[in-house]
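Each chain is listed here by its residues.
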Amino acid sequence: MNFGYKKLYINGSLVDSKSGKKLEVICPANEEIIGKVAMATEEDAKLALKSAKRGFLYWSKLSLVERTEWINKLKDAIVLNEKKLRSAITYEMGKPYAGSYEDFEALVNALEWYPNAMKNLKPETIPDYENTHTHKLISQPAGVVVAYLAWNFPLLNVAFKLGPALAAGCSIILKPSEVSPLSAYILGEILNKINFPSGVINILTGHPDEVAVTLSQSKIPSVVTMIGSTETGKKVIADSASSIKKLSMELGGNAPFIVFDDADLESAIDLAVAIKYGNSGQICVAANRFFIHENIYDEFIKGFKQKVTELSLGFGLDQSPDMGPLISKKAQSRMTYFVNDAVAKGATLLSGGSVPKSFDSGFWFSPTILVDVTTKMAVFKEEIFGPIAPLMKFNSDDEVLRLANKTEYGLASYIFTSNVKRIQFFSEHLEFGEVQINGIKYAIYLPHGGIKNSGIGHDCSHLALNDYLVQKRISSLM
């Protein structure tokens, strides 16, 4: 499939890059060119900034009712283009077509949920203890937003930024990854077709050293937000220091998946497979380190291996595989590095660990299990972002808590136990922004955010609105 050539969306129009450069988009399943997109330059980025500045002046003055009408119009147009958007995600990511629904659904849900959440955000009255004044706290749009998006969920990541920004009254510049920009560029075509107010949303991608640096260092944005790696987040923060900006960042993770000997083992195994190998392990909240109590270690491994070896690999709109390829050759090589490092340091390769022979092109890697992993191995210390499950045993609550928290990251964590006191203890002492107990759930209305080197602020829920609003105190003499 070829999606043709897609243009930048700036100031309400589809435009070519000022340089005329075009970026080839490669399907990671077969390494074929599936389309081209306009490659933005520094000049294009500056035009987008000016456009967003004008767009904010218009959009922020609209009432919430008026903004909601436009947001609903966009949502309806997106629904009408479901097949086109999901097909683009499938080909630019290589993910199963069924998996593309999560992206599409997130975007629709965000555009529907956030206007209602904004409607429920009421001014706060602050008591005056001397009874001399009245005080009210109101929220107003923060300003122009620059949003950097990761490649792993092209439209879901758009949803997490676009929904709250638009509802709050902000204009936004979306910079999708150069690896998977197609679906975002198609969104630009949809915006153009419905004549969405110019400047409110701008969409462009380009080389980070040229485009991202220009956007971050500009004094026009009031908010810089991103989804990506911790190292990229540090650079964006540094580049943004040209002026005081609000920052919201969902960064890397190293999630522990802890299973005690009193857990529902079958449920824990099913969820372990889902949260590890979904999207080929390329998820920030994917289980990264598996801690299994020594009393059930062998039993867990047996059941887990059986489920993992049943996973199917494949690609295409008419197929329903469990896993697609990795995003790039670099990602594929990184998996080989993780396996070789672990085995060299004493781990046992239980299954997978290599490029499957049935695929002669694309960036495939077999679902992999490593057992008897130690803290000295790269799979313990680094975010894997791929289909490798490192397992290690533990024998006490104190030991597993220490191991789970032994990371610079603090995004998601998972624990399986039926002990109420243990649940309470670990809920309090696990150093992660999310603690999920005996189950896993993500939704647009549930807060999603990390601590430590995993981020600032939140995506999803009413908390995300805080990143796109500023508070103003209004005091009046009684």
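Scroll up a little and you will see the structure.
These numbers come from a predicted model, not from an experiment. (Residues numbered from 1 in each chain as written. Predicted model: local features only at pLDDT ≥ 70, side-chain atom pairs only at ≥ 80, totals over all residues. Heavy atoms only, no water.)

Caption draft 1: Representation of the overall build of the chain in the model. The helix and strand inventory of the chain stands at 14 helices and 22 strands. Against the globule reference of 23 Å for 478 residues, the chain gives a C-alpha radius of gyration of 23 Å, in line with a compact fold. By its C-alpha atoms, the chain is 65 × 65 × 40 Å across when sized along the principal axes. Relative to its 478 residues, the chain shows a buried fraction of 56%. Nonlocal contacts in the chain, meaning residues at least 24 apart in sequence, comprise 74% of its contacts between residues at least 6 apart. Total accessible area on the chain stands at roughly 19,800 Å², and carbon and sulfur atoms take up 51% of it. Here the chain contributes 50 positive and 51 negative side-chain charges, whose respective centroids are spaced 7 Å apart. (Helix = DSSP H or I, 4+ residues; strand = E, 2+ residues; numbered from the N terminus. Rg over C-alpha atoms; globule rule 2.2 N^0.38 Å. Buried < 20%, exposed > 50% of the residue type's maximum accessible area, 1.4 Å probe, protein only. Contact = heavy atoms within 4.5 Å. Areas by Shrake-Rupley, 256 points an atom, 1.4 Å probe, with all protein chains shown as cover. Lys, Arg positive; Asp, Glu negative; His and termini not counted. Charge placed at Lys NZ, Arg CZ, Asp CG, Glu CD.)

Caption draft 2: The pattern of salt bridges, seen in detail. Tallying each qualifying case throughout the model produces 15 salt bridges. Notably, a salt bridge pairs Lys-6 with Glu-189, separated by 3.3 Å at the nearest N-O pair. Remark: Glu-189 occurs in helix H6 (residues 182–193) and Lys-6 occurs in strand S1 (residues 5–6); sequence separation between them is 183 residues. Its relative accessible area of 10% is what places Lys-6 among the buried residues. Glu-189 sits in the partly exposed class, given a relative accessible area of 22%. A salt bridge links Glu-178 to Lys-175; the nearest nitrogen and oxygen atoms lie 3.2 Å apart. Accessibility expressed as a relative area gives 25% for Glu-178, which makes it partly exposed. Lys-175 sits in the buried class, given a relative accessible area of 5%. (Salt bridge = Lys/Arg side-chain N within 4 Å of Asp/Glu carboxyl O.)

Caption draft 3: View of the sheet that holds strand S19 (residues 412–416). Pairing in this open sheet of 7 strands is mixed, and the strands run S16-S17-S18-S15-S14-S19-S20 from one edge to the other. The sheet is open, and its two borders are formed by strand S16 (348–351) and strand S20 (434–437), each paired with just one other strand. This sheet shows a mean twist of 25 degrees between the axes of neighbouring strands, independent of strand direction. When strand S15 (residues 287–293) meets strand S18 (residues 388–394), the two strands line up parallel, connected through 4 bridges. Its bridge partner lying in S18, Phe-291 is registered against Met-392. (Pairing = 2+ DSSP bridges. Axes fitted to C-alpha atoms, helices over the stretch in contact; angles between N-to-C directions.)

Caption draft 4: Broad picture of the packing of aromatic side chains. Evaluation of the coordinates by the stated rule reveals 19 aromatic pairs. Pairing Phe-359 with Trp-364 gives two aromatic rings, centres 3.9 Å apart and planes at 15 degrees, and the pair type is stacked. Looking at Phe-359, the relative accessible area reads 24%, which means it is partly exposed. Joined through ring pairs, the aromatic side chains of Phe-257, Tyr-277, Phe-290, Phe-300, Phe-304, Tyr-414 and Phe-416 make up one cluster. The positively charged end of Lys-22 is found above the aromatic ring belonging to Tyr-5, 4.4 Å away from the centroid. Geometry around Phe-380 places Arg-289 over its ring, the cationic atom sitting 5.0 Å from the centre. (Phe/Tyr/Trp six-rings, centres within 6.5 Å; stacked < 30°, edge-to-face > 60°. Lys NZ or Arg CZ within 6 Å of the ring centre and 35° of its normal.)

Caption draft 5: Looking closely at the pairing of S18. The element S18 is largely enclosed, with a buried count of 6 among its 7 residues. Note: strand S17 (residues 368–371) against S18, 3 bridges, orientation parallel. Residue pairing for S18: Leu-370 is matched across the bridge by Pro-390.

Caption draft 6: Summary view of unusual backbone geometry. The phi dihedral of Asn-195 is positive, around 55 degrees, even though this residue is not glycine. With respect to the secondary-structure elements, Asn-195 resides in the loop between H6 and strand S10 (201–203). Phi at Asn-279 takes a positive value of approximately 55 degrees, unusual for a residue other than glycine.

Caption draft 7: Region of the structure containing the nonpolar core. Counting residues in hydrophobic clusters, the biggest one holds 125 residues, and the most contacted among them are Leu-74, Leu-162, Phe-196, Ile-201, Val-259, Phe-304 and Leu-391. When residues in this core are grouped by element, the largest group, 10 residues, is from helix H5 (residues 154–168). Among all residues touching Val-259, those that are not within four sequence positions of it are Leu-265, Ala-268, Phe-291, Ile-292, His-293, Ile-296, Phe-300, Phe-394 and Phe-416. Listed in part, the 18 residues of the second largest apolar core include Ala-331, Met-335, Ala-378 and Val-379. (Core = buried A, V, L, I, M, F, W, Y, C linked by side-chain atoms within 4.5 Å.)

Caption draft 8: Up close: the side chain of Thr-41. Within the secondary structure, Thr-41 is located in the loop between strand S5 (33–40) and helix H1 (42–59). Owing to a relative accessible area of 9%, Thr-41 belongs among the buried residues under this scheme. In this view, Thr-41 contacts Ser-17, Lys-18, Ser-19, Glu-210 and Val-211; residues no more than four positions away in its chain are not counted.

Caption draft 9: Summary view of the pairing of strand S4 (residues 22–26). Residues of S4 alternate between two faces, with Leu-23 and Val-25 buried on one and Lys-22, Glu-24 and Ile-26 left unburied on the opposite face. Where S4 lies against S5, 5 bridges are found, and the strand directions are antiparallel. Within the sheet, the bridge partner assigned to Ile-26 lies in S5 and is Ile-33. Taken together, S4 and the strand that follows it, S5, pair antiparallel across an intervening segment of 6 residues, in which Glu-31 is found at a positive phi of about 65 degrees.

Nothing here speaks to function; it is geometry throughout.
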